[in-house]
Amino acid sequence: MKKNKKYRWGLKLATLALSSSVLFSTIDTASAATYTVKSGDSLWKIANQYGVTYQTLMKWNNLSSTTIRVGQKLNLNTPLTSATISTPTPKPTTNLVQVAKKQLGVKYTFGGSKPSTGFDCSGYVTYVYNNAGISTARKSAAGFYSSAKKVSSPQVGDLVFFANTYKAGISHVGIYIGNSQMISASDGGVSVANLNSSYWKTHFAGYGRIS
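Predicted model only: the values in this text are computed from it and were never measured.

**Q** How should I be thinking about the pattern of salt bridges in this particular structure?
**A** Close approach of charged atoms allows side chains of opposite charge to pair. This structure, assessed with the given rule, holds 4 salt bridges. Of the charged contacts in the structure, one is a salt bridge between Lys45 and Asp41, with a shortest N-O distance of 3.9 Å. Across the pair Arg138 and Asp120 runs a salt bridge whose closest N-O atoms are separated by 3.0 Å. Taken together, the residues span a long stretch of sequence, with Arg138 in the loop between α6 (121–131) and α7 (141–147) and Asp120 in the loop between β4 (118–119) and α6 at a distance of 18 residues. Judged by its relative accessible area of 38%, Arg138 falls in the partly exposed class. Residue class for Asp120 comes out buried when judged on its relative accessible area of 6%. Among the charged side chains, a salt-bridge network with shared partners connects Lys38, Asp41 and Lys45.

**Q** Can you walk me through the side chain of Asn61 in this structure?
**A** On the secondary structure map, Asn61 appears in the loop between α3 (54–60) and β2 (73–75). For Asn61, the residues in contact, after removing those within four places along its chain, are Lys73, Leu74 and Asn75.

**Q** Quick question: what am I supposed to make of the sheet that holds strand β8 (residues 181–186) here?
**A** Within a sheet, neighbouring strands are paired by backbone hydrogen bonds and run either parallel or antiparallel to one another. The strand order across the open sheet formed by 6 strands is β5-β10-β6-β7-β8-β9, and the pairing between neighbours is antiparallel. Every other strand in the sheet has two partners, leaving β5 (149–151) and β9 (189–194) as the edge strands with one partner each. Within the sheet, the average angular offset between the axes of one strand and its neighbour, ignoring direction, is 40 degrees. Bridging between β8 and β9 involves 6 bridges; their strand directions are antiparallel. Bridge pairing in β9 links Ile183 to Val192. Packed on one face of the sheet, helix α5 (residues 94–101) meets β7 (170–178), β8 and β9 and runs near 120 degrees to β7. Each of β6 (159–163), β7, β8 and β9 is contacted by α6, which is oriented at about 40 degrees to β7, the strand it contacts most.

**Q** It is not clear to me how the packing of α5 against α6 should be interpreted in this structure. Could you clarify?
**A** To characterise two packed helices, one gives the angle between the axes of the helices and the distance between these axes. Between α5 and α6, the shortest axis-to-axis distance is 9 Å and the interhelical angle comes to 135 degrees. The angle between α5 and α6 places the two elements in the oblique class. Crossing of α5 over α6 shows right-handed handedness. Where α5 approaches α6, its residues Leu96, Val99, Ala100 and Lys101 are matched on the opposing element by Tyr124, Val128, Tyr129 and Asn131. By residue class, the composition of the contact of α5 with α6 is 6 nonpolar, 1 polar and 1 charged.

**Q** Please explain unusual backbone geometry as it appears in this structure.
**A** Glycine aside, the phi torsion of most residues is negative, and most peptide linkages are trans. Residue Asn62 is not a glycine yet carries a positive backbone phi of 55 degrees. Looking at the element boundaries, Asn62 is found in the loop between α3 and β2. Look at Asn62 and you get exposed, because its relative accessible area is 72%.

**Q** Would you explain α6 in this entry?
**A** Residues spaced three or four apart along an α-helix point in a common direction, a consequence of the helix completing one turn every 3.6 residues. Taking burial as the measure, the 11 residues of α6 include 8 buried ones, the bulk of the element. The set of residues buried in α6 consists of Cys121, Ser122, Gly123, Tyr124, Val125, Thr126, Val128 and Tyr129. Positioned one or two residues after α6, Gly133 has a phi angle of 95 degrees, which is positive.

**Q** When you look at the pairing of β6 in this model, what are you seeing that I'm missing?
**A** Successive residues of a regular strand alternate their side chains across the two faces of the sheet. Across the 5 residues that make up β6, a large majority, 5, are buried. Of the two faces of β6, the one lined by Leu159, Phe161 and Ala163 and the one lined by Val160 and Phe162 are each fully buried. Sheet topology note: the β6/β7 ladder contains 5 bridges and is antiparallel. Bridge pairing links Val160 to Gly174 in β7. As paired elements, β6 and strand β10 (residues 204–209) share 4 bridges and run antiparallel to each other. Counterpart to Phe161 in the pairing with β10 is Gly206.

Conventions used here
- Residues numbered from 1 in each chain as written.
- Predicted model: local features only at pLDDT ≥ 70, side-chain atom pairs only at ≥ 80, totals over all residues.
- Heavy atoms only, no water.
- Salt bridge = Lys/Arg side-chain N within 4 Å of Asp/Glu carboxyl O.
- Helix = DSSP H or I, 4+ residues; strand = E, 2+ residues; numbered from the N terminus.
- Buried < 20%, exposed > 50% of the residue type's maximum accessible area, 1.4 Å probe, protein only.
- Contact = heavy atoms within 4.5 Å.
- Pairing = 2+ DSSP bridges.
- Axes fitted to C-alpha atoms, helices over the stretch in contact; angles between N-to-C directions.
- Parallel < 35°, antiparallel > 145°, perpendicular 65-115°, else oblique.
- Left-handed = near helix turned anticlockwise from the far one by under 90°.
- Nonpolar A, V, L, I, M, F, W, Y, C, P; charged D, E, K, R; others polar.

Structure (structure tokens):
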């Protein structure tokens, strides 16, 4: 009888030890969460998905550039919860707006795509996106419109399109920065404008998102 009690007590201790081992093993695994890069991903997109800056993601993974490849595993350095896996909530990126505002006042130059020579509207968008970690090729305003996913409720960093400004069709593009405002390179140089102003409201053509 005593032997049976000792046996049952020993079995309970063994079960408890095993449960504790599994628990701590699970916590350790969750803390070392990783993300596998898929086709169409960018460093900015992944960082935005998990609510961090792309610079933080670069630091966690010792990356020297924003270039990533399909199949690459990125360390997220954050506890991985079921909510994070299933329904990540994108957060507006303040970094993109910071990059955009650094160019305020740069002159307008048709075909321009860098601060030293000036920007046109699409050259400005290309410069800001690439310097904020969102890799994109140079396109015209109409080219960005064709490739962007159309959205009705813009988020910070989305594109704003306008038609029939200096030519027929999609002819101007800016970056939405919240509160019904955009930043773009127009005739007066890089500046912030209210989308509800009479001119921009008249030519407004919609919002787009590069994913």
